[in-house]
Amino acid sequence: MNPMFRNTILVALAAIFAAAPWALDEFSLNLVTRMLIFGIAAMGVDLLVGFAGLVPLGHAAFLGLGAYAAGILTDMGLESAFVVWPLAIMVGALGAAIIGGLSLRSSGLYFIMITLAFAQMIYYVFQSLRAYGGDDGFALTRNTFAGLIDPYDSRAFYFLTLAITLVIFLLLLRVVASPFGVALRAARDNEARLAAVGLPAFGYRLVAFILSGALCAFAGVLLANLTGYITPGYGSWPQSGELLMMVLLGTAGTIWGGLLGAAIFVALSEVLSEVSDHWMFYLGLLIVLRVLLAGGETTKLLKRLDPRRRADG
Amino acid sequence: MTFSLFVEQVFNGLQLGMLLFLVAVGVTLVFGVMNLVNLSQGALVMMGGFLLATATKATSSYWLGLPLGIAALIVIAMLIELLVLRRLYARPHIDQVLATFGLMLMFNEGAVMIWGRDPVFMAIPAALEGSVTLLPGVAYPIYRLAVTIFAGALGVALHFLISRTRLGMLIRAGADKREMIQLLGVDIAFLYLMVFCLGGVLGGVAGMLLGPISAVTTGMGDPILILALVCVVIGGLGSVGGAFVAAMLVGMCDTFGRVLLPQALGAGTGQAIANMIVYLVMAAILIWRPAGLASR
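The rules behind these values
- Residues numbered from 1 in each chain as written.
- Chains lettered and ligands numbered in written order.
- Predicted model: local features only at pLDDT ≥ 70, side-chain atom pairs only at ≥ 80, totals over all residues.
- Heavy atoms only, no water.
- Helix = DSSP H or I, 4+ residues; strand = E, 2+ residues; numbered from the N terminus.
- Buried < 20%, exposed > 50% of the residue type's maximum accessible area, 1.4 Å probe, protein only.
- Contact = heavy atoms within 4.5 Å.
- Areas by Shrake-Rupley, 256 points an atom, 1.4 Å probe, with all protein chains shown as cover.
- Phe/Tyr/Trp six-rings, centres within 6.5 Å; stacked < 30°, edge-to-face > 60°.
- Core = buried A, V, L, I, M, F, W, Y, C linked by side-chain atoms within 4.5 Å.
- Axes fitted to C-alpha atoms, helices over the stretch in contact; angles between N-to-C directions.
- Parallel < 35°, antiparallel > 145°, perpendicular 65-115°, else oblique.
- Left-handed = near helix turned anticlockwise from the far one by under 90°.
- Nonpolar A, V, L, I, M, F, W, Y, C, P; charged D, E, K, R; others polar.
- 1 Å grid on protein atoms, 1.4 Å probe; cavity = no way out; pocket = protein on both sides within 12 Å on 5 of 7 lines; lining within 4 Å.
- Points joined across faces, edges and corners; volume = space filled by probe spheres on them.

Engineer: I'm lost on the overall build of chain B in this one. Help?
Structural biologist: Each helix and strand in chain B was counted, giving 11 helices and two strands. The order of helices and strands in chain B, counted from the N terminus, is α-α-α-α-β-β-α-α-α-α-α-α-α. Oriented by its inertia axes, the alpha-carbon framework of chain B measures out at about 60 × 50 × 35 Å. Looking at chain B as a whole, 56% of its 296 residues qualify as buried. Partitioning the intrachain contacts of chain B with sequence separation of at least 6 by distance along the chain shows that 74% fall at a separation of at least 24. Carbon together with sulfur atoms contributes 69% to the accessible area of chain B, which is approximately 12,000 Å² in total.

Printed below as a string of structure tokens:
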């Protein structure tokens, strides 16, 4: 993409995001916050899908781990986000370390199904937490920020999420461009060569897995705070499928694709659910068509909008 | 646990295992031969249930409804293969996962559009009502027994199909050396269609058999699909024999876990662990053999 074009887009995006709280009503603003939150999770999943070449079908488990850890810690009397959030993210990272350590012994299809099975296991743990509503879930009192931010102010929460998303986005761009990111892609493309250079593919993949798990946990924490409610559904396997969809909708292997895909997905489900009670059917249809009509449609569209590309024909 | 309860649970476990095998074998065959992840198998299980319920109602006969339902299943399986799956064989796994996940959403919601959200209850066919005394003091419902026997017979038939017939030979050859049988002039597209229909119909039949036991509902195939995937993974991807052993193991663990664990550990913890037992077994087996039981 040519730099002029890219910068114009970036400035336009920044303006849109900065103006959003004043242009939108509370409902729509929360929807945008939701897009950002799922964007964080999807970027984390993209790290595995797009860069490590691994397809996890169980990352909703980490979304759920983050949410439940935050909810339970808050319920135990810790209120400050400065304490609860890092702890909840660490729970997610720890879960990812264990699940990743076991699942990464396999690859390809095995990896898909094993991550799915572990996620189901965690889902049933959530379901069995009777003290926390079992199948029905439980309400969460939003975490506080030592008086700096009012957690019940939608605008404040939106800007907080926006800032977090931006920092994570920039960090991830650095991560995938770093030697670590190069090694991760090398492990995807040719594991034998990487091993010949003396670098352990397993280690790189595990770190990527933990990082993506932690990001999903962070998204879970934010989502729980946004909705004020936590259910086992956070960790359900259709949710894991949706995270993959977001990555694919936005284009895997780009990081920003996660943000774009999450935004498209959240907007799509919102629009479809207003049009029809049976929006899941149309969502399914769109996904099937999206996959069948070859890859990278959104990217192609962006490239077509790029003036230089268009000049090239 | 009394002896009669034990015998009853063994039969329940067998039944669950056989049904899981029917679903898992479709997934594992499609993977073994076409190298495709198929998450839409659960939708076929559900469609089996609905189709049988509708066909039985329309003809007011279970025995007429059964072949009609199976015929409809074959048509649906063919449509899925011809319209969608056929284009996915050469695609990366993530495309296959997403497209078949999309299909699953479409079928689940499509079933809501056609049959509504309320569960559809099915009567047990008159000939199979009542129960039979297995051992003195141990009565067991005839229908459940018939399900186990029928599913077992299908399993045996499948074994013969795969090991003794020409189609079975092609299936085994296709799983081993795809390019080779293509070079030998076998119509690979037709073979793939046959394999998918076979697997899909077996899954659908499992749904049909389940219909009178648990009501037919949208999404009823999803939990079964997940358990079937566990069987496929434990058994070793692509291995029919492995899927059978794994399905029996999963069926028994799940059934006995649900009876014994709440007794042993108290209702709350016991039930929680009973829900997870299958996955714990899977994790243990995979630590021991990362590529499943069938691997050497």
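From this point, the narrative continues.
Engineer: Honestly, the packing of aromatic side chains in this entry has me stumped. Any pointers?
Structural biologist: The way to describe two aromatic rings as a pair is by their centre distance and the angle between their planes. All names here are of chain A. Applying the stated rule across the entire model yields 21 aromatic pairs over all chains. Each ring, one from Trp85 and one from Phe218, has its centre 6.2 Å from the other, and the planes form 70°; the classification is edge-to-face. Within this pair, whereas Trp85 is found in helix α4 (residues 81-103), its partner Phe218 is found in helix α9 (residues 201-227), the two being separated by 133 residues in sequence. The burial state of Trp85 is the same as that of Phe218; both residues are buried. Note on Phe281 and Tyr282: the rings are 5.4 Å apart at their centroids and 85° apart in plane angle, and the pair reads as edge-to-face. Using a relative accessible area of 34% as the deciding quantity, one classes Tyr282 as partly exposed. Within the aromatic cluster, the residues linked to one another by ring pairs are Tyr68, Phe126, Tyr132 and Phe138.

Engineer: Just to check I follow, could you spell out unusual backbone geometry for this structure?
Structural biologist: Keep in mind that most residues, glycine aside, have a negative phi and that most peptide bonds are trans. Even without a glycine there, the phi angle at A:Thr251 is positive, about 95°. Relative to the helices and strands, A:Thr251 resides in the loop between α10 (237-250) and α11 (256-275). A:Thr251 sits in the buried class, given a relative accessible area of 14%. We note that B:Ser60 has phi near 45°; this positive angle belongs to a residue other than glycine. Mapped onto the elements of the fold, B:Ser60 is located in the loop between α2 (41-59) and α3 (62-83). The exposure class assigned to B:Ser60 is exposed, which follows from its relative accessible area of 65%.

Engineer: How should I be thinking about the nonpolar core in this particular structure?
Structural biologist: When a protein is soluble and globular, its nonpolar side chains tend to lie buried together. By size, the foremost hydrophobic cluster in this structure holds 203 residues, and its most contacted members are A:Trp85, A:Leu244, B:Met34 and B:Leu85. For A:Leu244, the contacting residues outside a window of four places in its chain are A:Val45, A:Val49, A:Val55, A:Pro56, A:Leu57, B:Ile94, B:Val97 and B:Leu98. Formed by six residues, the second largest nonpolar core is a distinct cluster that contains A:Leu29, A:Val32, A:Leu36 and A:Tyr158.

Engineer: Would you mind going over the packing of helix α9 (residues 221-235) of chain B against helix α10 (residues 240-265) of chain B with me for this structure?
Structural biologist: All names here are of chain B. Between α9 and α10, the shortest axis-to-axis distance is 8 Å and the interhelical angle comes to 125°. When the axes of α9 and α10 are compared, the pair comes out oblique. When the axes of α9 and α10 are compared, the crossing they make is right-handed. Here Leu227, Val230, Cys231, Ile234 and Gly235 of α9 lie close against α10, whose contacting residues are Gly242, Ala243, Ala246, Ala247 and Val250. Residues that form the contact of α9 with α10 fall into these classes: eight nonpolar, two polar and no charged.

Engineer: Can you walk me through the layout of surface pockets in this structure?
Structural biologist: Gaps between atoms show up when a probe of the same size as a water molecule is rolled over them. Of the voids in this model, the second largest pocket is the one considered here, and its volume is about 590 Å³. B:Leu16, B:Ile224, B:Leu227, B:Asp254 and B:Arg258 are, among the 23 residues lining the second largest pocket, the residues nearest its centre. Those elements that provide at least two residues to the lining of the second largest pocket are α5 (108-128) of chain A together with α1 (3-34), α9, α10 and α11 (267-288) of chain B. For the lining of the second largest pocket, the leading source of residues is α1(B), giving six residues. The residue inventory of the lining of the second largest pocket, partitioned by class, reads 13 nonpolar, seven polar and three charged.

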